[in-house]
Amino acid sequence: MPQAEIRALFTNRFDGVPDFAAVAPGRVNLIGEHTDYNDGFVFPAAIDRGLYVAVRVTDGPSRLYSKQAGEGAVFDAGEVVPGALQGWAKYPAGMAWTLRQRGFSAPNIEAYVDSDIPMGSGVSSSAAIELAFGVIWNAIGHLGIPHEELAKMGQYCENRFVGVNCGIMDQMASAMGRKGQAMFLDTRTLEIQYAPVPEGLVIVLCDTKKPRSLTESAYNERRSQCEEASAILGVEKLRDADLAGLEAAKGRMSDVVYRRARHVITENARCLDFKTALHNGDAAEIGRLMAGSHASLRDDYEVSCRELDAMAEAASAAPGCVGARMTGAGFGGACVALVRAEDVEAFQRETLRRYDEATGLGGQAMACRIVDGAHVFGEA
């Protein structure tokens, strides 16, 4: 979306000119799922489906409008506290609260929000809205907060204000994305190694059109199972475990806890191998690792579903597909595929045909470019 368009939408709504406009991208995760809260490795990429916001400082209170979701709850950025409001405005309100917790001030604003991130598809619209408002308030106040810190603040907002116990991957991907580069992220140290997707391969997001429905209880249950496995193995996090130790301790844990740990341990290994495969341009290895990730998420972590399995199978069999797997938290949402550029259109047609035959849901397949992270328009 051009800067002029989001500014015009603001003007039409609020009868005035905005002070700032910003964009924060959604993300796809190429591999490394449910590893971030285990201090493991992930491999996201920021994509050209983003959340756009135009704002003007006001005497208050803060009033927000979303083209997709309508009016947001009204709040005072200088006083709002956790639990004070519901709906989508709790994400920007939470960022204002988080800034205050860190010793910064966040003035009240009028804001217009527009997004082309597919909702419910697991590409992290929540992190995008946190980072969009984070960079806006950072610019308004000339706060000078590094983007890595804004990512941490986005996670803190989601954990402590919104109440979702997420890891750091989504916020780091939205904040620190780099054009044309996937991001190998160590979620313990937050060290980033950028890795180019091999020339001639395109990321295609394959939306099942089944809204993601991993409930907070299911998510927290899996976190708890991982923590139980870590305690039995005597490690701080499953990042520190290996398969040999897991096999030795198998008799001391339930089958479910064993399988949850096996997914995390093997997924971390796949993430490391994927980095090597990308650098080597090894299409066969990329495909093998993505297929292994999907199987592990389906069988050991049990966060796939009929629709995700059908989409992954349809994509894997379509022309030009190097590899495909579910992406995101699970139980709906989307798959990600790496596809040879010359075959993208044929891949999209065949994948959706096969998927519709299997489910009747139609689906959507979107070729995505890898873009830079969140920024105020006019700033790098």
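Analysis parameters
Residues numbered from 1 in each chain as written. Predicted model: local features only at pLDDT ≥ 70, side-chain atom pairs only at ≥ 80, totals over all residues. Heavy atoms only, no water. Salt bridge = Lys/Arg side-chain N within 4 Å of Asp/Glu carboxyl O. Helix = DSSP H or I, 4+ residues; strand = E, 2+ residues; numbered from the N terminus. Buried < 20%, exposed > 50% of the residue type's maximum accessible area, 1.4 Å probe, protein only. Contact = heavy atoms within 4.5 Å. Core = buried A, V, L, I, M, F, W, Y, C linked by side-chain atoms within 4.5 Å. Pairing = 2+ DSSP bridges. Axes fitted to C-alpha atoms, helices over the stretch in contact; angles between N-to-C directions. Expected span 1.5 Å × (residues − 1). Phe/Tyr/Trp six-rings, centres within 6.5 Å; stacked < 30°, edge-to-face > 60°. Lys NZ or Arg CZ within 6 Å of the ring centre and 35° of its normal.

**Overview of the pattern of salt bridges**
Inspection of the entire model under this criterion finds 26 salt bridges. Two residues, Glu 110 and Arg 56, come together in a salt bridge whose shortest N-O distance is 2.5 Å. Placement of Glu 110 in strand 6 (residues 109–115) and of Arg 56 in strand 3 (residues 44–57) is noted, with a sequence separation of 54 residues between them. Between Arg 298 and Asp 299 there is a salt bridge, with the nearest N and O atoms lying 2.8 Å from each other. Classification of Arg 298 by relative accessible area gives partly exposed; the value is 33%. Classification of Asp 299 as partly exposed rests on a relative accessible area of 39%. If you follow the salt bridges from partner to partner, you end up with Glu 33, Glu 267, Arg 270 and Arg 325 in one network.

**Quick word on the side chain of Asn 38**
Locating Asn 38 in the fold gives a position in the loop between strand 1 (20–29) and strand 2 (41–42). With relative accessibility at 3%, the residue Asn 38 sits in the buried group. Leaving out residues up to four positions away in the same chain, Asn 38 has contacts with Cys 226, Lys 237, Leu 238, Arg 239 and Val 264.

**What to know about the nonpolar core**
Phe 133, Trp 137 and Phe 274 are the most contacted members of the largest nonpolar core, which totals 81 residues. The biggest single contributor to this core is helix 3 (residues 125–140), with 10 residues. With sequence-adjacent residues up to four places away left out, Phe 274 is seen in contact with Leu 30, Ile 31, Phe 43, Ile 286, Leu 289, Met 290 and Leu 338. In terms of nonpolar packing, the next biggest core, distinct from the first, is built from 41 residues, Leu 246, Ala 312, Ala 314 and Cys 321 among them.

**Digging into the pairing of strand 7 (residues 181–186)**
Most of strand 7 is tucked away: five of the six residues are buried. As paired elements, strand 7 and strand 8 (residues 192–196) share five bridges and run antiparallel to each other. Looking across to strand 8, one finds that Phe 184 is bridged to Gln 193. Between strand 7 and strand 8, which pair antiparallel one after the other, the connecting turn spans five residues, and Leu 190 there sits at a positive phi close to 65°.

**Section: the sheet that holds strand 10 (residues 321–327)**
What the four strands build is an open sheet, ordered 10-11-9-12; its pairing is antiparallel. At either end of the open sheet lies a strand with only one pairing partner, and these are strand 10 and strand 12 (364–368). Averaged over all pairs of adjacent strands, the angle between strand axes in this sheet comes to 25°, irrespective of strand direction. Each of strand 9 (201–207), strand 10, strand 11 (334–340) and strand 12 is contacted by helix 11 (residues 344–359), which is oriented at about 155° to strand 12, the strand it contacts most.

**Looking at helix 9 (residues 283–299)**
Between the first and last C-alpha of helix 9 there are 24 Å, a value that for 17 residues agrees with the 24 Å anticipated at 1.5 Å per step. For helix 9, the complete set of buried residues consists of Ile 286, Gly 287, Leu 289, Met 290, Ser 293, His 294, Ser 296 and Leu 297. Buried residues belonging to helix 9 abut helix 8 (255–280), helix 10 (306–316), strand 10 and strand 11.

**A closer look at the packing of aromatic side chains**
By the definition in use, this model includes nine aromatic pairs. Summarising the aromatic geometry, the rings of Phe 41 and Phe 184 are spaced 5.4 Å apart at their centres and angled 20° between planes, so their arrangement reads as stacked. Here Phe 184 lies in strand 7 and Phe 41 lies in strand 2, a separation of 143 residues in the sequence. Of the residues examined, Phe 41 reaches a relative accessible area of 11% and is grouped as buried. Look at Phe 43 and Phe 274: their rings are 5.3 Å apart centre to centre, the planes differ by 70°, and that puts the pair in the edge-to-face class. Pair noted here: Phe 43 is in the loop between strand 2 and strand 3 and Phe 274 is in helix 8, with a separation of 231 residues, a long-range link. Ring-pair connections join several aromatic residues into one group, and the members of that group are Phe 41, Phe 43, Phe 184 and Phe 274. The ring of Tyr 194 carries Arg 178 above its face, with NZ or CZ at 3.8 Å from the centroid. Taking NZ or CZ as reference, Lys 275 lies 5.0 Å from the ring centre of Phe 184, over its face.

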